[in-house]
Amino acid sequence: MTDEDDSLQARVERWLTGQMPIISMHGGESAVRKADPESGEVVVELGGACSGCAISPRTAQNIKLDLAKDFEEVEDVTVRVADDGTSGWDVDQPESVMGIDRNEGGRGGRGEGSPNSDHF
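Computed from a predicted structure; not experimentally measured. (Residues numbered from 1 in each chain as written. Predicted model: local features only at pLDDT ≥ 70, side-chain atom pairs only at ≥ 80, totals over all residues. Heavy atoms only, no water.)

Once that is clear, we can look at helix α3 (residues 56–70). Owing to its 3.6 residues per turn, the α-helix aligns residues three or four sequence positions apart on the same side. Between the first and last C-alpha of α3 there are 20 Å, a value that for 15 residues agrees with the 21 Å anticipated at 1.5 Å per step. Within α3, burial applies to Ser56, Pro57, Thr59, Ala60, Ile63 and Leu67. For α3, the arc enclosing every buried residue in end-on projection is 165 degrees, short of the 170-degree limit, so these residues lie on one face. Turned more than 90 degrees away from the buried face of α3, the exposed residues are Leu65 and Lys69. For α3, the secondary structure elements touched by its buried residues are α1 (8–19), α2 (21–25), β2 (41–48) and β3 (76–82). (Helix = DSSP H or I, 4+ residues; strand = E, 2+ residues; numbered from the N terminus. Expected span 1.5 Å × (residues − 1). Buried < 20%, exposed > 50% of the residue type's maximum accessible area, 1.4 Å probe, protein only. Arc of directions from axis to C-beta. Contact = heavy atoms within 4.5 Å.)

What follows is the structure, given as structure tokens:
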């Protein structure tokens, strides 16, 4: 893949590098495993330090939302995160644990409850 490569995969790879520098800054790795311009399907894999990182679910969600927004031809984005950094990719990673949406911190975006909440 060269800088002149205009394929969807090459453009998404360049986008990941430019839009998500935090991945490599924190020792993570990313790779575009599939980018089909006809079906609009893109599969991104995160590995390295992303495995087991507490913010990996949020990073994955940001990739999903932003890719679909920034690439008109992208219809479906799957982000896989390595389960332990050494084995294969965890394809069936749950979106929530015990009914708590990990991408939202469980109690709103930053983990605090609302002022009118009955919770302690």
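Another aspect to go through is the environment of Trp15. Looking at where Trp15 falls in the secondary structure, it is placed in helix α1. Spatially, the C-alpha atom of Trp15 lies 8.4 Å from that of Leu67, the residues being 52 residues apart in sequence. Beyond its immediate chain neighbours, meaning those up to four positions away, Trp15 contacts Met20, Ile63, Asp66, Leu67, Asp70 and Phe71.

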